[in-house]
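Residue-level structural notes
Below, each chain spelled out in residue letters.
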Amino acid sequence: MSKPVRVRFAPSPTGPLHIGGVRTALFNYLFAKKNGGTFYLRIEDTDQNRFVPGAEEYILEALEWLGISPEETIGKNEKFGPYRQSERKHLYKQYADLLIESGNAYYAFDTAESLDAHRKQHEAEGKTFIYNHHNREKLDTSLVLTEAETAKRIANNEDYVIRFKTPVNETLHLKDIIRGEVKFETNLLDDKVLFKSDGMPTYHLANIVDDHLMETSHVIRGEEWLPSMPLHVMLYRAFRWDAPEFAHLPLILKPIGNGKLSKRDGDKMGFPVFPLEWKTSEGVSSGYREKGFFPETVVNFLALLGWNDGTEKELFSLEELTQVFDLKRVHKSGAKFDPEKNKWFNHQYLMKQEDLVLAEQFSKIIESKDLNRYFSLVDLAKIVSLIKERADFVSEFYDMSDFFFIAPTTYDEKASKNWKAETPALMQELISVLEEISDFTSVNIETIVKDWMTKNEIGMGKVMQPFRLSLVGALKGPHLFDIVEVIGKQETISRLQNAINTL
Ligand code: GLU
């Protein structure tokens, strides 16, 4: 019987979560949901030097915003807790000891100075120093000391690390769900440090011990961890534990040029690379949330970075993704990040939102401005329905619709040329026509105004352009009679009057 699906997102709290990390979390979440499994989050904070305050909270908040919160984590269903590695510190030493006992690991007492000297000497000979099977017996390790000598040096509080004793002359044929078979030559690997004398494990040891103890069935993570896979599989073997299955996700590439999308690219290229804004004393890094992206948009574009469902379909809700996501359809090659396409996705989700919901968001922007004209939420929703077709973000609404809120004080010069000698009289007549209308709705106003023009044989252009100019101050904006309905009779007439007096 196969193990129940349990997958994890295991970030190190070294700063804001990069969008690539968010995709890793998303794919783990989707895989868990698709397979009726559990998605948990573990904080890998064994490297205290790289710990950044606030990063952990940031990670959890970002996942919550996107709707992909873990089912188990710090303070939530702590079935396999603690979920913070620094709080599991006491657990790891015994496992390092087990590896020493079974001959899979050894103590190394080399000082930083002696390692540096080895490095320099190798360099002088045109070689690179690697701590591996070639060197380990020439170095200061328990492999060349007697047990008593080793014990004495440890008892004397000498600094040491515990290193993995990589087997020699082996070709490892490993299986990756996305990449198929991956081969590694053990002779090309170095003997990684597993445990340090400060009592802390390194990433490699803590990660394997925890994935085992927390019953992880699949390790789904970024391609940058592929080189660690042979060590991890050898560690499982050394412990005689069943290894989880592995899937290494393709890199996310820069929109132009080569290479991986980095944390610094966002501010350089003018788009966010973080889900949420991140503020430090050095400045602010922009976030998708604060830029006005919907969480649905971010989930959707991240899902398509390295995956598709085999059709041309591009719009997927989180719910749909949990039904169709398949690790076997994840690509091997890197996925280009496309900030322009991301805006297109946001437009699609903007169009799907209820006008009233958008109006609520819009009203926050309106409230922050000192406007003399306030609309009800229902009126705002009408405005939204008239302009959203051309917007990607709610933040663009105001510039597209400012004339609803403020009467024009100046008039577009070019458009003003259509204001002829007979125009004021025509506009005055129009005012009289409008005054008589009691059902002041777009279609009705349009019918009545057009009837009046037909009856009096007045050309369209003679009325419509000056009318629009009077209301908007320029020849732009949505359907004129829709504007008239929203701003209302009194405001329409007052704007016409203003134009007559000014132009
Ligand atoms: N702590 C590692 C990271 O920061 C986890 C890598 C893994 O998933 O094994 O990404």
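Keep in mind that this is a model prediction, so the values were computed, not measured. (Residues numbered from 1 in each chain as written. Predicted model: local features only at pLDDT ≥ 70, side-chain atom pairs only at ≥ 80, totals over all residues. Heavy atoms only, no water.)

**Section: the overall build of the chain**
In plain terms, the rule: Think of it this way: any DSSP run of H or I at least four residues long counts as a helix, any run of E at least two long counts as a strand, and we number them from the N terminus. For the exposure calls, accessible area comes from a 1.4 Å probe over protein chains only, and a residue counts as buried if that area is under 20% of its type's maximum, exposed if over 50%, partly exposed in between. By definition, residues are in contact when any of their heavy atoms lie within 4.5 Å. Accessible surface area values rest on a Shrake-Rupley calculation with a 1.4 Å probe, where residue burial reflects the displayed protein chains alone. Lys and Arg are tallied as positive, Asp and Glu as negative. Neither His nor the chain termini are counted. The atom standing in for a charge is NZ when the residue is Lys, CZ when it is Arg, CG when it is Asp and CD when it is Glu.
Per the secondary structure count, the chain includes 20 helices and 13 strands. For the chain, the spread of C-alpha atoms along the principal axes amounts to about 110 × 55 × 40 Å. Counting only residues that meet the buried cut, the chain has 50% of its 503 residues in that class. For the chain, long-range pairs separated by at least 24 residues make up 71% of all intrachain contacts whose partners lie at least 6 apart in sequence. Only carbon and sulfur atoms are counted for the fraction: they give 49% of the accessible area of the chain, which is about 24500 Å². Considering the chain, the positive charge centre built from 63 side chains and the negative charge centre built from 76 side chains are found 4 Å apart.

**Overview of the site of the ligand**
Our working definition: Only heavy atoms are used to decide nearness, and a residue is near a molecule or strand if one of them lies within 4 Å of it. Polar contacts here mean pairs of N or O atoms no more than 3.5 Å apart (in protein, one a potential hydrogen donor and the other a potential acceptor; neighbouring residues in sequence count only if both atoms are side-chain atoms). For this classification, Asp, Glu, Lys and Arg are treated as charged, while Ala, Val, Leu, Ile, Met, Phe, Trp, Tyr, Cys and Pro are nonpolar and the rest, including Gly, are polar.
Taken together, Arg8, Ala10, Ser12, Glu44, Tyr203, Asn207, Arg221 and Trp225 make up the full set of residues near the ligand. At 2.8 Å, a side-chain N or O of Tyr203 approaches an oxygen atom of the ligand. Between Asn207 and the ligand, the recorded distance is 3.1 Å, taken from a side-chain N or O atom to an oxygen atom. When the free accessible area of the ligand is taken as 300 Å², the share hidden by the protein chains comes to 84%. Broken down by class, the residue content of the shell around the ligand amounts to three nonpolar, two polar and three charged.

**As for the UniProt feature "domain: Glutamyl/glutaminyl-tRNA synthetase class Ib catalytic" (unreviewed entry) in the chain**
Let me state the cut-off plainly: UniProt positions are given in the numbering used here, feature names are shortened, and annotations may be inferred rather than shown by experiment.
Sequence positions flagged by UniProt for "domain: Glutamyl/glutaminyl-tRNA synthetase class Ib catalytic" (unreviewed entry) are, in local numbering, residues 5-342. This span, residues 5-342, is 33% helix and 15% strand, and a straight line between its end C-alpha atoms measures 31 Å.

**A few points about the sheet that holds strand β3 (residues 105-108)**
Defined as follows: Any two strands are treated as partners once DSSP identifies two or more bridges connecting them. Here the axes come from fitting lines to C-alpha atoms, over the contacting stretch only for helices, and the angles between their N-to-C directions go from 0 to 180 degrees.
With antiparallel pairing, the three strands of this open sheet are ordered in space as β3-β4-β7. Both edges of this open sheet fall to β3 and β7 (193-196), since each of them pairs with a single strand only. For this sheet the average axis-to-axis angle between neighbouring strands, irrespective of direction, equals 25°.

**Remarks on the packing of aromatic side chains**
A ring pair, where both rings are aromatic, is described by two values, the distance of the centres and the angle of the planes. Let me state the cut-off plainly: Put simply, two rings from Phe, Tyr or Trp (the six-membered ring, in Trp's case) pair if the centres are within 6.5 Å, and we call them stacked under 30 degrees between planes, edge-to-face over 60, tilted for the rest.
What the rule picks out here adds up to 26 aromatic pairs. Taken together, a centroid distance of 4.8 Å and an interplanar angle of 75° make the contact between Tyr288 and Phe293 edge-to-face. For Phe293, a relative accessible area of 9% translates into the label buried. The structure contains a cluster of three or more aromatic residues connected by ring pairs, namely Phe271, Tyr288, Phe293, Phe301, Phe337 and Phe393.

**Focus on the pattern of salt bridges**
Heads up, the condition is: Here a salt bridge means any side-chain nitrogen of Lys or Arg lying within 4 Å of a carboxyl oxygen belonging to Asp or Glu.
Counted by the stated rule, this structure contains 33 salt bridges. For Asp140, the salt bridge is made with Arg153, and the minimal N-O distance between the two is 2.8 Å. You can see Asp140 sitting in the loop between α4 (112-124) and α5 (147-155) and its partner Arg153 sitting in helix α5, a full 13 residues away along the chain. Residue Arg153 is classed as buried on the basis of its relative accessible area, which comes to 18%. Measuring nitrogen to oxygen at the nearest pair gives 2.8 Å for the salt bridge that ties Glu491 to Arg495. Here Glu491 pairs with Arg495, and both are found in helix α20 (residues 489-502), just four residues apart, close to one helical turn. Judged by its relative accessible area of 1%, Arg495 is buried. Salt bridges sharing common partners tie together Arg8, Arg42, Glu44, Arg88, Asp210 and Asp211.

**Some details on helix α17 (residues 442-455)**
Worth spelling out the cut-off: A helix is expected to span 1.5 Å multiplied by its residue count minus one. In this description, the arc belongs to the directions extending from the helix axis to the C-beta atoms.
Between its first and last C-alpha, α17 extends 20 Å over 14 residues, near the 20 Å set by a 1.5 Å rise per residue. Those residues of α17 that sit buried are Ser442, Ile445, Glu446, Val449, Trp452 and Met453. Burial along α17 is one-sided: seen end-on, the buried residues are contained in an arc of 135°. More than 90 degrees from the buried face of α17, the exposed residues found are Val443, Thr454 and Lys455.

**Describing the packing of α17 against helix α19 (residues 480-487)**
Applied cut-off: Just so you know how the angles are binned, under 35 degrees is roughly parallel, over 145 roughly antiparallel, 65 to 115 roughly perpendicular, and the rest oblique. Helix crossings fall into two classes, left-handed where the near helix is turned counterclockwise from the far one by less than a right angle and right-handed where it is turned clockwise.
It is the contact of α17 with α19, at a shortest axis distance of 8 Å, that shows an interaxial angle of 120°. In terms of orientation, α17 lies oblique with respect to α19. Of the two possible hands of crossing, α17 and α19 adopt the one that is right-handed. Contacts between α17 and α19 involve Ser442, Ile445, Glu446 and Val449 from the first element and Phe481, Asp482, Val484 and Glu485 from the second. Classifying every residue of the contact of α17 with α19 by side-chain character gives four nonpolar, one polar and three charged.

**A few points about α20**
In this model α20 runs 20 Å from its N-terminal to its C-terminal C-alpha over 14 residues, within 8% of the 20 Å that 1.5 Å per residue would give. For α20, the full list of buried residues reads Glu491, Thr492, Ile493, Arg495, Leu496, Ala499 and Ile500. The inward-facing, buried residues of α20 abut α14 (397-405), α16 (423-435), α18 (460-472) and α19.

**Regarding the packing of helix α6 (residues 203-213) against helix α7 (residues 229-239)**
Remark: α6 packs on α7, axes separated minimally by 10 Å, with the N-to-C direction vectors making an angle of 55°. As judged from the angle between their axes, α6 and α7 are oblique. Once α6 is placed against α7, the crossing between them reads as right-handed. Of the residues in α7, those touching α6 at Tyr203, His204, Leu205, Asn207, Ile208, Asp211 and His212 are Leu231, His232, Leu235, Tyr236 and Phe239.

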